[in-house]
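Overview (structure and organization)
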Amino acid sequence: MLYEYQVAQYELSVDSIRRLEDKATKLLGGLSLVLTVTLLILRYWWNDLFVTTAQHSPLQVICWLFLFSFLMFSVFSWGYTFSVMIPKEFSKPSASQEITPLFVERPQYLTMTECANTYSQCTDVVDELHAEKVRMINHCTQSMLLGSWSFLFFLIFFSS
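In what follows, the accompanying structure is described. (Residues numbered from 1 in each chain as written. Predicted model: local features only at pLDDT ≥ 70, side-chain atom pairs only at ≥ 80, totals over all residues. Heavy atoms only, no water.)

1. So, the overall build of the protein
- Secondary structure assignment for the protein yields four helices and zero strands.
- Secondary structure of the protein in N-to-C order comes out as α-α-α-α.
- The buried share of the protein, reckoned over its 160 residues, is 29%.
- Contacts spanning at least 24 positions in sequence make up 88% of the contacts within the protein whose residues lie at least 6 apart.
- A total of about 10700 Å² of accessible surface is found on the protein, and carbon and sulfur atoms cover 65% of it. (Helix = DSSP H or I, 4+ residues; strand = E, 2+ residues; numbered from the N terminus. Buried < 20%, exposed > 50% of the residue type's maximum accessible area, 1.4 Å probe, protein only. Contact = heavy atoms within 4.5 Å. Areas by Shrake-Rupley, 256 points an atom, 1.4 Å probe, with all protein chains shown as cover.)

Okay, structure coming up:
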């Protein structure tokens, strides 16, 4: 019973990693859409933002700073998202011929306990990887939030 429980926990941990990778793929798609729309807006407003006949106004400089911060936070978000999407290898319990003598030479309860402990150790490794990927996704969403605030301030100052 312990062995079956540990196997189920290991499989749940592996499934949670795959769901995080799927979430990162969706975040990347949304971020790509936002950046595409931003670049189209910049193309439309390019002359108003960067080309002037005389001096640049302080309002334009503020717009540039917010635009630069938006692009910087977007690049950070992309980096975090790509870090989450990188497939990581995690430990799997041994399934080779080396464990056959373990099953044959020992009593069943000891063998099953050792195998359950092996699955437990592998689950701990996968859980650490899960925590790392969750941290990266949190950093990504924080960067996206700061970038969206920067873009909002850019629009406010540009329309002034």
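2. Focus: the nonpolar core
- The biggest cluster of nonpolar side chains holds nine residues, and these are Leu35, Leu42, Trp45, Leu49, Cys63, Leu67, Phe70, Phe151 and Phe154.
- Elements that contribute at least two residues to this core include exactly α1 (2–50), α2 (58–85) and α4 (108–159).
- Filtering out sequence-adjacent residues up to four positions away, leucine 67 remains in contact with Leu42, Leu49, Phe50 and Phe154.
- With eight residues, the next largest nonpolar core counts Val14, Cys122, Val126 and Leu129 among its residues. (Core = buried A, V, L, I, M, F, W, Y, C linked by side-chain atoms within 4.5 Å.)

3. As for the packing of aromatic side chains
- Applying the stated rule across the entire model yields ten aromatic pairs.
- Ring geometry for tryptophan 78 versus phenylalanine 82: centroids 6.1 Å apart, planes at 75°, classification edge-to-face. Of this pair, tryptophan 78 and phenylalanine 82 are both found in helix α2, four residues apart, which corresponds to roughly one turn of the helix.
- Aromatic pair phenylalanine 154 and phenylalanine 158: ring centres 6.0 Å apart, planes at 25°, arrangement stacked. Here the residue phenylalanine 154 and the residue phenylalanine 158 both occupy positions in helix α4, the gap between them amounting to four residues, near one helical turn.
- The exposure class of phenylalanine 154 is buried, given its relative accessible area of 0%. (Phe/Tyr/Trp six-rings, centres within 6.5 Å; stacked < 30°, edge-to-face > 60°.)

4. Here we look at the pattern of salt bridges
- Under the criterion given, the structure shown has two salt bridges.
- Where arginine 18 meets glutamate 21, a salt bridge forms, and the shortest distance between an N and an O atom there is 3.1 Å. With arginine 18 and glutamate 21 both in helix α1, this residue pair falls three residues apart, about one helical turn.
- You can call glutamate 21 buried: its relative accessible area is 12%.
- Residues lysine 133 and glutamate 21 are paired through a salt bridge, measuring 2.9 Å at the closest nitrogen-oxygen approach. With lysine 133 in helix α4 and glutamate 21 in helix α1, this residue pair connects regions lying 112 residues apart in the sequence.
- When its relative accessible area of 2% is taken as the criterion, lysine 133 is described as buried.
- Through salt bridges that share partners, Arg18, Glu21 and Lys133 make up one connected network. (Salt bridge = Lys/Arg side-chain N within 4 Å of Asp/Glu carboxyl O.)

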